[in-house]
Amino acid sequence: MIQLPPSYQEYLADKDESFVDMVRPVLMQSAADKLHGVRVLYVPRGHQAHLDDTIPYGTIVEDID
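Just so it is clear, the structure is predicted and the values come from calculations on it, not from any experiment.

Thresholds applied
- Per chain, residues are indexed from 1 in the order of the written sequence.
- Whole-chain, interface and lining totals are the exception, using all residues; otherwise, since this is a predicted model, local features are given only for residues with pLDDT of at least 70 and side-chain atom pairs are given and counted only at 80 or more.
- Only hydrogens and water are removed before side-chain values are computed, so all heavy atoms of the structure are retained for them.
- Classification of ring pairs rests on two measures: the distance between centres of Phe, Tyr or Trp rings, Trp counted by its six-membered ring, which must be within 6.5 Å, and the angle between planes, read as stacked under 30 degrees, edge-to-face over 60 and tilted in between.
- Only runs of H or I of at least four residues qualify as helices and only runs of E of at least two qualify as strands under DSSP, and these elements are numbered from the N terminus.
- Each residue is assigned to one of three classes by its accessible area relative to the maximum for its type, calculated with a 1.4 Å probe on protein chains only: buried under 20%, partly exposed between the two thresholds, exposed over 50%.
- DSSP bridges decide pairing: two strands pair if at least two such bridges lie between them.

1. Some words on the packing of aromatic side chains
Applying the stated criterion across every chain yields a total of 2 aromatic pairs. For the pair Tyr8 and Tyr57, a centre-to-centre distance of 6.1 Å together with 70° between the ring planes defines the contact as edge-to-face. Of this pair, Tyr8 sits in helix H1 (residues 6-12) while Tyr57 sits in the loop between strand E2 (46-52) and strand E3 (60-64), and the two are 49 residues apart along the sequence. Take Tyr8: its relative accessible area is 0%, and that puts it in the buried class. Here the aromatic rings of Tyr11 and Phe19 are separated by 6.1 Å at their centres, their planes lie at 50°, and the arrangement is tilted. Exposure class is identical for Tyr11 and Phe19. Each is buried.

Okay, structure coming up:
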């Protein structure tokens, strides 16, 4: 079982369930490969998350699209 790093667990701690459900698969993918961080975009109709090779593993960056 893949374990999320503490930084990811802390990030999710105060988020609502629908946001966690959207972000968790990308965080799990990041934790599995341990190569890239995650960028969370706030877009007009919600949120998007993706791996970002410019962000170090274990880091989450929020951005506006």
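Structure shown, so let's carry the discussion forward.
2. Topic: the pairing of E2
Bridge count between strand E1 (residues 37-43) and E2: 7 bridges; the pairing is antiparallel. Among the inter-strand pairings, Tyr42 is bridged to a residue of E2, identified as His47. Adjacent in sequence and paired antiparallel, E1 and E2 are bridged by 2 residues.

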